[in-house]
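Residues per chain are reported as follows:
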Amino acid sequence: MTGQSDGTNLSEPLYNQENPWKVGPKEFIYKYIRYLPLVLVSVGLFLTLAYIKIRYSVYIYRMQSSMLMKDDQTSGNRSPDARFDELFMSGGVTNVSNEIEIIKSRPVLERVAKDLNLQMTYHNEGKVKTSLVYPNYPFFLEILTLSDSSHEFGCTVTLLGNQKFLLDEDKRPMEFNKPFRIGDNLCRITANRSLSENAFVNTKFGVDWQPLRLAAENLAGSLSVNQINQQATILTLDFESENADLGNDVLNKLMSVYDSLIIEDKSRINANTLTFINAQLYLLNDTLRGVQGGLKDYMIENQVFDIEGQSKAFLDNLKENVKDRDEQEVRLSILNWLLDYIGDKKNAFELVPTNLGIQEPALLPLMAEYNRLQLEREANLRTTPASNPLITGIEAALEKVRSNIYQALLNVRQSYNIAGNNLANEQGQLEGSIRALPGKSIQIVNRQRKQRILEELYTLLLQKKLETQIASASTISNSKVVEPAMGSGSLIRPDSSRIFTLYFLFGLLIPVGIIVIIEVLRDKVNGRADVEKHTNAPILGEVGHSEAKNTLVVTKNSRRFISEQFRIIRTNLQYIIGKKDNPVIMVTSSFSGEGKSFVSTNIGAVMALADRQTVIMEFDIRKPKIVSGLELKRKMGITNYLIGSAKFEDLLVKVEGQDNLYVIPCGPIPPNPAELLLDPRLDELMKEVTNRFDVVIMDTAPVGLVSDAVTLGRFADCTLYIVRQGFTFRKQMLMIEELYIQKKIPKISILLNDVSMAGGYYSGGYNGGYGYYGGGYGYGGGDSGYFEDSRNSNMKSIVKRIMNWWK
């Protein structure tokens, strides 16, 4: 018996020797098509969930409006008289960012919520979702006595057909218009007779009351105000709500409230200015009347009526000086009045008049800031107690600004006094020139000058009063509604297309991810493709899963599919062993359980059916299974022969019912099987066997566990290496590749055992179908009608096939 030879190249055209890592589209489809039902079920399930989500989600709509913020500096109605523009409290260029914050401020939103009665909300409770009711309420909940305005409360009302209702879980019907308590709050429900109960999906309603602060916060969460671009002063107002009528009312009311607040602020400033002017006119009128009476009495008493001719030469120079001093006195008088007004504690929280002709640059910004803080304090006092830190902070700021104004007025008065002293010195020089005039004339001039000053001041105040009254009558807002909110708005949630797309991707990616994880974590051979990826050793054929209880499945009259597979393997073996007269075929595997003894038994049976004397040698002397699998009685075996206690004739065991098939048992299991296989008598045994039989099958121990197969390889003409699908580890393919490349055992050919449809795109199983050599695709399969399996299947085999298909 020779060792391993070069053999033939007949196997090369039988197997695909291309890159085993390359998988074409067709192979990819056949490999993963079995997962398609799982993917379709997952996609269908997630699309159903998407439909349910959309069907029972609360629909949110976006309502929109826009308004124009007028710019006082660019308005076409602006007067060329800058003093007249002051009457309308022009604030210069409009700061759109500030106006946006004012629109979204809590005081403004609280006023909107209060005007629309949004502290009380009504919901119609359905079986799955609850919908907001607005503005047509089925009833009205009135709060007669509110115990705590800072805490919200609510109740559930179920309307009954007899004009009664149930409150919360109470089963006793209650009548409309009768007071009842919700906690410590005394309430009453009034029916809306103009609205039918059938207008709603359900007769169960939820009613909630919340403080004004929370109502404003809820509005702020759904409101957005944006400037359309940096150059424009048009603002877009968006409001999101499940009720379009509510959104439209909120936006329109918000623009109306903002407009009215601006008008109110301007009107308050004008009213405060008028109050100040009227008070000063009353005082000035008494003073002027006294000066005029004193001048008249002096002139009558001293008989002085005309001094123009006598003093004309001197008074021409004095006139200009007197004029300047008069103007200085007017300004000083106004300044003193302002000092008294600012210094008076009664006016601590009153607005300061700003249009009295004082044009000092350092003073005007302080007055504007003081009035702004006063308005801010009044706005916050509407919803905040005076003890709130916000109010005290504003008051502290007011006191600081008031002090700064007072100090600025003192500084301005000091400058006015210095200027007046200079004018007085100049006037003294001129008066020295006319000392020759009678003292009576000088007295008359002084009295007339004082009278003139008072008259000019009185006239100025009258003019300012008229201008302020005109400004009050023509006060307008600096905003204009461009487009009011109307219609049903645009649906923004739920986004049907986005949800369906997202759920479709979930339904697709989740099973694909699971499949990828399964493929990544799978460490067992899953079919022919796995074998070809990891080794270049040729694949002789494939054997499907056997449902039979007996090891021997190949019999004389068997037409089962698995029997035909072994016949195909027998044919393929002819191209491996060539023209060898008495071939010795060694069968091994990586480890126990891969079906080595099963294959050896049926390879021997299929050879015997070809009318060739065949013997199966049970060389797996560590764990023999051939004899027990065939249910034969044990007798002398190989180990007995090797130790010289048996003859060759004593070893042969005839397989009942199988012509030409014999078995040589292993005999008693020795303590040193590896050393025993090195005995020279083994050569004599193999010579006897090859002389007596046409085909010798050596069932050896797994080569991945012990070296018995390598030792026995010197007697073999070829080796069938058994790889079991779903059982053999992929890393074992590296060992097969090493054995194949280094030729440690003769002519390795891989036999893929226990193949099912789950094995990949090359697998046959019961439905695969093979070509002549068992590779690729053939003509028909298990259901073709050519095999017994297709006619004798039962429910158990069908279930088994399904389990294998999903495996």
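Residues numbered from 1 in each chain as written. Predicted model: local features only at pLDDT ≥ 70, side-chain atom pairs only at ≥ 80, totals over all residues. Heavy atoms only, no water.

Visitor: Quick question: what am I supposed to make of a nonpolar patch on the surface here?
Guide: Together, Leu-45, Leu-49, Tyr-51, Ile-52, Tyr-56, Val-128 and Phe-500 make up a nonpolar patch on the protein surface, roughly 660 Å² of accessible area in all. With four residues, helix α2 (residues 36–55) is the largest single contributor of residues to the nonpolar patch. Checked against the element boundaries, Leu-49 lands in helix α2. The exposure class assigned to Leu-49 is partly exposed, which follows from its relative accessible area of 38%. (Patch = residues over 30% accessible without salt bridge, like charges linked within 9 Å, V, L, I, M, F, W, Y side chains within 5 Å. Areas by Shrake-Rupley, 256 points an atom, 1.4 Å probe, with all protein chains shown as cover. Salt bridge = Lys/Arg side-chain N within 4 Å of Asp/Glu carboxyl O. Helix = DSSP H or I, 4+ residues; strand = E, 2+ residues; numbered from the N terminus. Buried < 20%, exposed > 50% of the residue type's maximum accessible area, 1.4 Å probe, protein only.)

Visitor: Got a minute to help me understand a negative patch on the surface in this structure?
Guide: Together, Glu-320, Asp-324, Glu-327, Glu-426, Glu-455 and Glu-456 make up a region of like negative charge exposed at the surface. At the level of secondary structure, the elements contributing two or more residues to the negative patch comprise α8 (308–343) and α11 (439–473). In terms of residue count, the dominant contributor to the negative patch is α8 (three residues). Within the secondary structure layout, Glu-327 lies in helix α8. (Lys, Arg positive; Asp, Glu negative; His and termini not counted. Charge placed at Lys NZ, Arg CZ, Asp CG, Glu CD.)

Visitor: Even after reading the chapter, I still don't get the pairing of strand β17 (residues 614–618), so can you show me in this structure?
Guide: Regular strands place their side chains on alternate faces of the sheet. In terms of burial, β17 is a largely internal element, five of the five residues being buried. What you see with β17 is no split at all: Thr-614, Ile-616 and Glu-618 on one side and Val-615 and Met-617 on the other are buried throughout. Inspection of the sheet shows β17 paired to strand β19 (residues 661–664) by four bridges, in the parallel sense. The residue of β19 that forms the bridge with Thr-614 is Leu-661. Of the pairings in the sheet, the one linking β17 to strand β20 (residues 695–699) comprises five bridges and is parallel in character. Bridging from a neighbouring strand, Thr-614 pairs with Val-695 of β20. (Pairing = 2+ DSSP bridges.)

Visitor: Explain the sheet that holds strand β4 (residues 139–145) to me, please; I cannot follow it from the model alone.
Guide: Sheet architecture is open: three strands sit in the order β4-β9-β8, paired in antiparallel fashion. Lying at the two open borders of the sheet, with one neighbouring strand each, are β4 and β8 (180–182). Between one strand and the next, the sheet's axes are offset by a mean angle of 45°, whatever the strand orientation. As defined by bridge partners, β4 adjoins strand β9 (residues 185–191) across six bridges and the pair is classed as antiparallel. Bridge pairing in β9 links Glu-142 to Arg-188. (Axes fitted to C-alpha atoms, helices over the stretch in contact; angles between N-to-C directions.)

Visitor: Explain the pattern of salt bridges here, please?
Guide: Pairing between side chains of opposite charge can happen when their charged atoms approach one another. Scanning all chains against the criterion turns up 21 salt bridges. One salt bridge connects Lys-204 with Glu-125, and the closest N-O pair in it is separated by 4.0 Å. Separated by 79 residues along the polypeptide, Lys-204 in strand β10 (residues 204–209) and Glu-125 in strand β2 (residues 120–125) bring together distant segments of the chain. A residue is classified by how much of its surface remains accessible, and Lys-204, at 33% relative accessible area, is partly exposed. A salt bridge links Lys-596 to Asp-620, with the shortest nitrogen-to-oxygen separation between them at 3.3 Å. With Lys-596 in helix α15 (residues 596–608) and Asp-620 in the loop between β17 and α16 (626–629), this pair connects stretches of sequence that are 24 residues apart. Of the residues examined, Lys-596 reaches a relative accessible area of 6% and is grouped as buried. The class for Asp-620 is buried, based on a relative accessible area of 6%. Several salt bridges converge on common partners, so that one network encompasses Arg-62, Glu-240 and Arg-493.

On their own, these measurements won't tell you what the molecule is for.
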